[in-house]
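Chain residues, written in single-letter form:
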Number of protein chains: 2
Amino acid sequence: MKSYAKNVQSIKNDNRATILNLIRKAPVSRAEISAVAGLSKSSVTMITNALISEGQVREIGTEESTVGRKRILLDIVADYRFAAGIILHRRDIKVCLTDLKGEVITRASTAIENFRSADEVIDYTVNTVFELIDRLSLKKEDCIGIGISCPGPLDITRGVVLSPPHLDMLHNVAFCDKIREKTGMNVSLENNAVLLAMRENLIRDKMQNFMSVIISHGIGSAVVTAGEIYRGALGFSGELGHISVVADGLRCPCGNCGCLERYVSLSALKEHFGFTDYKQKVDMAYEGDEEALSVLRYITTYLGSGLVSAVNLFDLDAVILHGDYSYRPELLNGMLKKYINKNSVVAAVHGVEVISSPERNDRAEGNSTAAIIEQYFDQILEG
Amino acid sequence: MKSYAKNVQSIKNDNRATILNLIRKAPVSRAEISAVAGLSKSSVTMITNALISEGQVREIGTEESTVGRKRILLDIVADYRFAAGIILHRRDIKVCLTDLKGEVITRASTAIENFRSADEVIDYTVNTVFELIDRLSLKKEDCIGIGISCPGPLDITRGVVLSPPHLDMLHNVAFCDKIREKTGMNVSLENNAVLLAMRENLIRDKMQNFMSVIISHGIGSAVVTAGEIYRGALGFSGELGHISVVADGLRCPCGNCGCLERYVSLSALKEHFGFTDYKQKVDMAYEGDEEALSVLRYITTYLGSGLVSAVNLFDLDAVILHGDYSYRPELLNGMLKKYINKNSVVAAVHGVEVISSPERNDRAEGNSTAAIIEQYFDQILEG
DNA sequence: CTCCATTAGTTCAAACCTTAAACTAATTGC
DNA sequence: GCAATTAGTTTAAGGTTTGAACTAATGGAG
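Here goes a summary of the coordinates provided. (Residues numbered from 1 in each chain as written. Chains lettered and ligands numbered in written order. Predicted model: local features only at pLDDT ≥ 70, side-chain atom pairs only at ≥ 80, totals over all residues. Heavy atoms only, no water.)

**Examining the overall build of chain A**
Scanning chain A from terminus to terminus reveals 13 helices and 15 strands. Based on the C-alpha atoms only, the size of chain A along its principal axes is roughly 65 × 55 × 45 Å. Evaluated residue by residue, chain A yields a buried proportion of 57% over its 383 residues. Taking the contacts inside chain A whose residues are at least 6 apart along the sequence as the reference set, 62% of them involve residues at least 24 apart. Total accessible area on chain A is roughly 15,800 Å²; 49% of this is exposed by carbon and sulfur atoms. On chain A, the mean spot of the 42 positive side-chain charges and the mean spot of the 48 negative ones are 4 Å from each other. (Helix = DSSP H or I, 4+ residues; strand = E, 2+ residues; numbered from the N terminus. Buried < 20%, exposed > 50% of the residue type's maximum accessible area, 1.4 Å probe, protein only. Contact = heavy atoms within 4.5 Å. Areas by Shrake-Rupley, 256 points an atom, 1.4 Å probe, with all protein chains shown as cover. Lys, Arg positive; Asp, Glu negative; His and termini not counted. Charge placed at Lys NZ, Arg CZ, Asp CG, Glu CD.)

**Remarks on the protein's contact with DNA strand D**
What surrounds DNA strand D is a group of 29 residues, the closest being Val8 and Ser42 of chain A together with Ala31, Thr45 and Arg71 of chain B. Taking all atoms of DNA strand D within 4 Å of the protein, the share assigned to sugar and phosphate is 70%. Ser42 of chain A places a polar side-chain atom, nitrogen or oxygen, 2.6 Å from a base oxygen of DNA strand D. Note that a phosphate oxygen of DNA strand D is positioned 2.9 Å from one of the side-chain N or O atoms of Thr45 of chain B. Elements supplying a minimum of two residues to the surface near DNA strand D: helix H1 (8-25) and helix H3 (41-54) of chain A together with helix H2 (30-37) and helix H3 (41-54) of chain B. (Near = heavy atom within 4 Å. Polar contact = N/O pair within 3.5 Å; in protein donor to acceptor, adjacent residues only side chain to side chain.)

**Re the relation of the copies chain A and chain B**
Between the two copies, chain A and chain B, the superposition gives an RMSD of 0.1 Å; the rotation angle is 179 degrees and the shift along the axis is 0.1 Å. Such a combination of rotation and displacement between the chain copies is what one expects of a two-fold axis. It is Val246 of chain A whose C-alpha, among those of chain A, lies nearest the rotation axis, at 2.3 Å. When you check the interface residues of chain A against chain B, 100% turn up at the interface there too, and the contact is symmetric in its surfaces. (Least-squares fit on C-alpha atoms with pLDDT ≥ 70 in both.)

**Brief notes about the sheet that holds strand E1 (residues 28-29) of chain B**
Each strand in a sheet pairs with its neighbour through backbone hydrogen bonds, running either in the same direction (parallel) or in the opposite one (antiparallel). Residue and element names in this part refer to chain B. A sheet is described by the order of its strands in space; here three strands give the open sequence E1-E3-E2, paired in antiparallel fashion. Single-partner strands in this sheet number two, and they are E1 and strand E2 (57-62). Sheet strands in contact with helix H1 (residues 8-25) are E1, E2 and strand E3 (72-76), and its direction is about 95 degrees off that of E3. (Pairing = 2+ DSSP bridges. Axes fitted to C-alpha atoms, helices over the stretch in contact; angles between N-to-C directions.)

**Section: unusual backbone geometry**
Residues and elements named next belong to chain B. For Ala226, which is not glycine, the phi dihedral falls at a positive 55 degrees. Mapped onto the fold, Ala226 is located in the loop between strand E12 (219-225) and strand E13 (228-229). At Arg328, a residue that is not glycine, the phi angle is positive and equals roughly 40 degrees. Note on placement: Arg328 falls in the loop between strand E14 (318-323) and helix H11 (330-343).

**Things to note about the protein's contact with DNA strand C**
Around DNA strand C sit 29 residues, and of these Thr45, Arg71 and Ile72 of chain A together with Val8 and Asn15 of chain B come closest. Of what DNA strand C places within 4 Å of the protein, 68% of the atoms are sugar or phosphate. Interatomic distance of 2.7 Å between a backbone N/O atom of Ile72 of chain A and a phosphate oxygen of DNA strand C. Of all the secondary-structure elements, those providing two or more residues to the surface near DNA strand C are helix H2 (30-37) and H3 of chain A together with H1 and H3 of chain B. Considering only residue class, the surface near DNA strand C consists of eight nonpolar, twelve polar and nine charged. (Nonpolar A, V, L, I, M, F, W, Y, C, P; charged D, E, K, R; others polar.)

Everything listed here is a matter of geometry and, on its own, says nothing about what the molecule does.
Here's what the structure looks like:
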């Protein structure tokens, strides 16, 4: 059962949040807010003017119009507050600060080899966050929280990293708790695929049901449904990498057999075919090389099979692919799209889009604060 | 983004719905409602008394207490309104009326062989609904709507039956629209697994994230997450039967290869092992018969593999099995539970329950109106 | 250049709902 | 019979949305 707004005050907060989130998606005028949110013009005026006088929102000019008064566009004040991000990457640990739009303001990083224990990681990240804040002469109180981005299975309710081998010093350490303790800040741990999907959800307005998949040495995934991140029993993200594509197939470190990750991750590909340069193979495939094409067909069969399962279970409109397979993606994309639309039951009702989007490291840093920012805008507070 | 309550009136409706849904789950007192819903005692009094004077709710006695005034239990008036249900079963088409608790008041049915065309089905069901209403001297205006239960993939937005072969005369017919036209009533088409999950969601209070699976000649499934039915892009239910358990495996009529349904439905079992009496095999397995045990191991591997994928993707707490495998289920259940907990990634965070629950035809009829009833209680109207 | 039609945004009293506080009602144990 | 306790009711107060009437801004026609 949904939890409804209860009293008159909570309505105000809800409407503030609705409006602020609309503005956050893209600059809009009061009139548009009134139309989209279903609130009266009077209410929109009251609330937006309050937001403006608090310094959270500002007017950024007018829209063109053919007749009548021009609409005054409202935008959030991106530097009204800021957020800190920690990125537990495969090769290094990064720290950054972003504004409320997720744009990186400043950054730092150190190679993963420099860390021997969880405490070292904790000390480095906490100190660096404070250093960056100082360097920009920001106020600690204006930091809305620290978002941690990590690949692989996590236990986000406990704030614990479970899986990726290069972070074994963090396994089963109360990482979030310790950072919260040392900083006194709001701390959130999230899967990097979930963070990516959050950001995409903000941008892709029309797309309401999709899965974001990141494939590199492992496979990460997250699902957006009805315009919201899908959360399971304990906030565990959709683990596409550990979907079983071959019952009784190759054994996976996770304990299961036949996991997708054992077939189509970059490492699995190397193990299966013996080559290391995926990009080179793709180039050859474009030139018609039969062996290279067979590699793409192999990927299509296994990845397609896993995606069909996901599409059928979640009833998805689209799949967005990130990571290494995004190199010259037209060929593989076309094969996957054909495979999925031919083989999924939902295709009988609606088509399924397959989109490739190059994962820039830049974006990955900005994404790290996506969950903290979302949290911030969802529980709107006075002043 | 969530759609929030907007104005002061909508708050009232929301609170009415919250309270009515609480009462509907199980009889409660005003004091409990106040505590659980987070509403003040005054509001609860106001709203419940309004509901009572409208005839939607009644007091049904008091609870025992050790000290202080006894709590007065409130229950919904089950026959305040009624709903009609149409069940498109494998062997017959059933029509029934249920009260607001989903209890069947009256029923009728005809063998599927009697129908040659969609129009015949439409005429029969519509006429029978009116006949049953007349027979019980009920008022047509008190019927909250007609729920249609159907196995297999549906397009619930268009209200069209897509799949099961025995209903081929209904394929791509605007079934819901025509029935809505002829009756002027609210009509809803739902997958039978979804309806079952709705009912279970109402009953199983603690369980918030589970999948209901019905296995007989096909496989149907539905997911409840965060205490609500999961809905994908177009309300398509989670199609566990068409999850791919063997990439490039057995061809399925749906177009895909290696669908779970091709391995562990009753028909697939018959095809694979050549036997027809599943119950007999189970009996033999309990006596230690090695061949019979190998059948259960086969089911465990394939069904388990599919369930692991679903559990990993949806992050589920539990799987509830219905249908033919519910015969003496302890043995198979134990094997499945062990398999799933050993092989799923989420098991690292929380255990996964496997529950067998015999599917009674009786219940299937009552379930047919579950969606209409849910809809009714979610959009509460005055008087 | 003025006037008008049109759209955007503002002001304010009215309507409505929840709620805290103070109340009554019912029940047990001493 | 009385105190203690819990359940349920009444009522005035407080806060929010809103419709209606308003002002503001803009383009085009005459």
